[in-house]
Amino acid sequence: MADVVQERAGVPVLVCDPDGPPVATVQDALDLVGAAFLGAEAVAVPASRLGDEFFSLGSRFAGEVMQKFVNYRLRLVVLGDISRHLATSSALRALVHESNRADHVWFLPDIEALDARLRATA
């Protein structure tokens, strides 16, 4: 499956293929932003496409990526199990908690949780 725009709970979402290329640079993130301009309001990226650098907040990579999505008024949704990363970083746990309370960046376990969250914010 390629990255594809799907209607999820009434919201157009670019759902990224888990087997797609890694998001390893800011340019990779901008490529997703560009793909989302085909009509998506959110981009759902599998956590498996984000390397350890994204989850290591000291690298600042996550902040750069999240800021690009905010700048382009797109919601970024990280889908999947990130418990391994959360277990080793209280700063990441705090970021995930605060992000999930807001509207721009969400960390969710799966696509069903995304659907439920979108229905709740409609």
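Refer to the structure above for everything that follows.
Residues numbered from 1 in each chain as written. Predicted model: local features only at pLDDT ≥ 70, side-chain atom pairs only at ≥ 80, totals over all residues. Heavy atoms only, no water.

A short note on the nonpolar core
Threshold: Throughout, nonpolar core names a set of buried Ala, Val, Leu, Ile, Met, Phe, Trp, Tyr and Cys residues whose side chains join them through atoms within 4.5 Å. Between buried and exposed lies partly exposed: a residue is buried under 20% and exposed over 50% of the maximum accessible area for its type, with that area taken using a 1.4 Å probe on protein chains only. Counting from the N terminus, the helices are the DSSP runs of H or I reaching at least four residues and the strands are the DSSP runs of E reaching at least two.
Counting 28 residues, the largest nonpolar core has Phe54, Phe55 and Phe69 as its most contacted members. Among the secondary structure elements, those contributing two or more residues to this core are helix H1 (26-36), strand E3 (42-46), helix H2 (52-55), helix H3 (61-71), strand E4 (75-79), helix H5 (90-101) and strand E5 (105-108).

Some remarks on the packing of aromatic side chains
One pair of aromatic rings is described through two measures. These are the centre distance and the angle between the planes. Rules: Between rings of Phe, Tyr and Trp, where Trp is taken as its six-membered ring, a pair exists when centres lie within 6.5 Å; planes separated by under 30 degrees are stacked, by over 60 edge-to-face, and by other angles tilted.
Here the structure, examined in full by the defined rule, presents 3 aromatic pairs. Seen in terms of ring centroids, Phe37 and Tyr72 are 6.0 Å apart; in terms of plane orientation they differ by 75°. Their pairing is edge-to-face. Linking Phe37 in the loop between H1 and E3 with Tyr72 in the loop between H3 and E4, this pair joins segments that are 35 residues apart in sequence. Taking the relative accessible area as the measure of exposure, Phe37 reaches 54% and is therefore exposed. These aromatic residues form a ring-pair network of at least three members: Phe54, Phe55 and Phe61.

Remarks on unusual backbone geometry
Within the chain, Ala9 stands out as a residue other than glycine whose phi angle is a positive 55°. For Ala9, the location among the structural elements is in the loop between strand E1 (4-8) and strand E2 (11-15). Looking at Ala9, the relative accessible area reads 32%, which means it is partly exposed. With a phi close to 55°, Arg73 is a non-glycine residue in the positive phi region. Within the secondary structure, Arg73 sits in the loop between H3 and E4.

A closer look at the pairing of E1
Formally: Between any two strands, pairing holds if DSSP finds at least two bridges.
Across 5 bridges, E1 lies against E2 in antiparallel orientation. Bridged to Gln6 within E2 is Val13. Two successive antiparallel strands, E1 and E2, enclose a turn made up of 2 residues, where Ala9 displays a positive phi of approximately 55°.

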